[in-house]
Structure formats: C-alpha cells, structure tokens
Amino acid sequence: MDSKNIGESVHLTIPARIAFLAAICILSFIWSTGTLGMVGLLCGILAAALNIVILLDAGNSAPWLLCTAAVNLAAYGAAVVYARSFDVMLTALYPLIMAAAVYLTLRMKMGRSASIAAAAFCGTVLMLAAFAAAVYSQFGALNAESINAALDSIYEPIIEYYNNLLKELADEANITLAAVDAKKLLYYAKSMLIGSVGAVMIVLSYFVTLAARVIASAFGVDSIFPAGLRVGISAKITKDGPTVEIFREPVRWRIELDFVSTAVYLLAYAVSVLTATSRNMSLPLMAAENLILILSPGFFYCGARDVVLGLRGKASMGRMSRLILIPALLLALINPSSIIILLCALGVIVTFRENRARRKMQDNGKETK
C-alpha cells in the first residue's frame, strides 16, 4: 500500500493542538477512574484517537511528541492522586500506549490492520498487567491460586445471576430448565480469557482508529493517514460471454487482511471441529477457539463491509453480497448469533478474492514492465 510520509504536512493549528492536549488529559483521567461506565470507555477511545491524530500530525517534531507524552503522564499522575491504586494507574496509560502502537506501525508504513493488531496487543498486555496488579493488591500474591480466586469472584456472580434468571423464566412458563454447570462454565471462561480479552481489544482498537479518522477528517488533516487502493474482482456478462475484471478504487487507510490470517483462521476452525467431540477442553481445542475469537472480528468486519458495499454496487463479491442479506434476515429471526458466523464466512471469501486480485494486479504490472 502506498503511504504518505508522516510529518510531510502539518495542518493542525497551535490552538487546535493545545485544545487536543487539554482534551486528552481530561478524557484520560475520566477513563482511568472507571466511574462513568460506558461513558468512561468512550472517553478512553476518544483520548486514544486524539493522541493518534496529534502524534501523526506532529510527525518528527520532538517538542510536540514530548508535550503529548507529558500530558498523558499528567493524566497518569492525576489518576495516582485520585485513586491511589496501581491497577488504575496502569489503565490511565491505555490511550497513550494504543496511540503509540498506531503511530509506530504507520511510521513503518504498515497498513491499518497491522495498526489495529499492534494496538490490540499492547492494550491486552496493559490490561493483563492491570489485572495482575489488582490481584496482587487484593490477595497479596500473584500465583495460580490468587488468579483463580480473582476470576471466580468475577464469574461466579454472573453464573448465579444467569441461573436465577433461568429459574424465573421456568417458573413463569411452568417448565423445568437445567441449571448451568458452574464448574464447567468457569473452566471454559478461564480457558477463553486470552481470546476474549484479545477480541475485545481488537474491537476497541478498531473504534479508536475509526474515531481518529473521523477527527482527522473533521479538522482537515485526513492526509496523515496512508492512501491506497481497494482491489477486487468483478464478473460481468458481455456479448462476447462472461468476463472477469479487476477493479481499483482509491481509499484511505483501509483494513485489509492477508492470506496468512485467512489460513490461520480456517486451520483453527478445522481443529475446533475435529476436537470438539472430546469431553475435556484439550490444549489444541483451547488454542483453536482462542484464535477464532481473536480473528473473528476482522473477518466479520470484512464480510459486513462487503454487504454494505454491495448495496452500492461496489462489493468484491458482486451480487452475492446483496443476496446474502436474505439468509441473514432469516437467521436474524431464527438464531441471531448465526449472522456472525455467516458474515465471518463471507469475510474469509472476500479476503481471499481481494488478495488474489491484488496478486494478479501485481503480476500484470510485472509483465508490462
């Protein structure tokens, strides 16, 4: 993907940068306290997005990079004074850590997928470190027993609430519903912890990059993000018969998955299907399902994006992306969760076709030289 060198043009005014820095400090502090629920989460996303915009707009300007880091550290210090909790202090660094990951990947001329993956990885490490700090402060030790006790304290109330809800529904309908096996569910939840946290961080990282793009566009500095081409294959019926065309459309900072991600996802699904019949949660099954959880958001996004593009006549899968709306609507009535599987499957096919089209375009370019 062609990329514009970061720092070639600086468009944000000095007052705008100062306003960004003030907003980052306030939003990071609100996020770190964790007192406003979803509003606090939104504050964390906006703080990370503002960090990304100001870092990319500053480019190689050391004074502004240092000012941005100093403002984030000021929010960190305010969180220390307010909460006096080590895990909260670590959480305050989330916006800066994620923004730094995006900034460095773009400096290395990587795509948006790599930026999201890097931000999600750094966010996951930071959240796990915050969790470890919380466990240590509560139990006075950091070992398997204290971690299990902390996870039990999180999951057990949820399972109890779910069982009570089942009992209420059964009483109202005069039927008998089996209670959830708490031990099995706890074991499964713990085994899927890494995948669950990773998937959540990938989704959050996507919204951070989306917010950064919206903010950059609103302030007229969208050029800080790399430009590239959306490549696809379209089949058409002409008077000479069916033809296949490779189309190109200019886009900015587009999410693109590669063959490796597709292969890993399909392999994980195969392992999951082959080992799912075992009564125990084997290590291969655990690894496969965690990988599926981590990669599913990306393929779901690619599938959903192609459906939306299909309504505009620009989908990689052509008419299939529009036709898939019919089974999707039926599944929404029968089993809404099946829509996720359907769109993930479409995303795998779309990713494969787009990578094949991109490779064909590169091969044609080499032949014409």
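Residues numbered from 1 in each chain as written. Predicted model: local features only at pLDDT ≥ 70, side-chain atom pairs only at ≥ 80, totals over all residues. Heavy atoms only, no water.

## Here we look at the packing of helix H2 (residues 38–58) against helix H9 (residues 193–218)
Remark: H2 packs on H9, axes separated minimally by 8 Å, with the N-to-C direction vectors making an angle of 55°. With respect to H9, the axis of H2 lies oblique. The interaxial crossing formed by H2 with H9 has right-handed handedness. Every residue of H9 that contacts H2 at Leu41, Ile45, Ala48, Ala49, Leu50, Ile52 and Val53 is listed here: Leu204, Phe207, Val208, Ala211, Ala212, Ile215 and Ala216. (Axes fitted to C-alpha atoms, helices over the stretch in contact; angles between N-to-C directions. Helix = DSSP H or I, 4+ residues; strand = E, 2+ residues; numbered from the N terminus. Parallel < 35°, antiparallel > 145°, perpendicular 65-115°, else oblique. Left-handed = near helix turned anticlockwise from the far one by under 90°. Contact = heavy atoms within 4.5 Å.)

## Concerning the confidence of the model for the protein chain
Considering every residue of the protein chain, the mean pLDDT works out to 79; 76% of them sit at 70 or more. Ignoring residues within four places in sequence, the model shows residues 1–8, a span with pLDDT below 50, making 22 contacts including any to other chains. (pLDDT = per-residue confidence, 0-100.)

## Digging into the pattern of salt bridges
Where side chains of opposite charge bring their charged atoms close, a pairing between them can arise. Tallied over the full model, the rule gives four salt bridges. Linking Arg213 and Asp222 is a salt bridge whose minimum nitrogen-to-oxygen distance equals 3.1 Å. Given a relative accessible area of 17%, Asp222 falls into the buried group. The partner of Arg254 in a salt bridge is Glu256, with the nearest N and O atoms 3.8 Å apart. Grouping residues by exposure puts Arg254 and Glu256 together as buried. It is possible to trace a salt-bridge network through shared partners that takes in Arg213, Asp222 and Arg252. (Salt bridge = Lys/Arg side-chain N within 4 Å of Asp/Glu carboxyl O. Buried < 20%, exposed > 50% of the residue type's maximum accessible area, 1.4 Å probe, protein only.)

## Overview of a nonpolar patch on the surface
Taken together, Val203, Phe207, Leu210 and Val214 make up a surface patch of nonpolar side chains, about 310 Å² in accessible area. Relative to the helices and strands, Val203 is located in helix H9. (Patch = residues over 30% accessible without salt bridge, like charges linked within 9 Å, V, L, I, M, F, W, Y side chains within 5 Å. Areas by Shrake-Rupley, 256 points an atom, 1.4 Å probe, with all protein chains shown as cover.)

## Some points on the packing of helix H1 (residues 14–33) against helix H3 (residues 62–83)
Running from N to C, H1 and H3 cross one another at 30°; their axes reach a closest spacing of 9 Å. In terms of orientation, H1 and H3 fall into the roughly parallel class. Taken as a pair, H1 and H3 cross one another with a handedness that is right-handed. For the pair H1 and H3, contact is made by Ile14, Arg17, Ile18, Leu21, Ile24, Cys25, Ser28, Phe29, Ser32 and Thr33 and by Trp64, Cys67, Thr68, Val71, Asn72, Ala74, Ala75, Ala78, Ala79 and Tyr82, respectively. Looking at side-chain class alone, the contact of H1 with H3 contains 14 nonpolar, five polar and one charged residues. (Nonpolar A, V, L, I, M, F, W, Y, C, P; charged D, E, K, R; others polar.)

## Digging into the side chain of Thr209
The residue Thr209 is located in helix H9 in this model. When its relative accessible area of 1% is taken as the criterion, Thr209 is described as buried. Setting aside anything within four residues of it in sequence, one finds Thr209 in contact with Arg112, Ile116 and Trp253.

## A short note on the nonpolar core
With 51 residues, the main nonpolar core has Phe20, Ile52, Val53, Leu56, Tyr94, Ile224 and Phe225 as its most contacted residues. Within the residue set of this core, elements represented by two or more residues are H1, H2, H3, helix H5 (94–107), helix H6 (112–139) and H9. Here the element with the most residues in this core is H2; it accounts for twelve residues. Formed by nine residues, the second largest nonpolar core is a distinct cluster that contains Leu257, Phe299, Cys302 and Val348. (Core = buried A, V, L, I, M, F, W, Y, C linked by side-chain atoms within 4.5 Å.)

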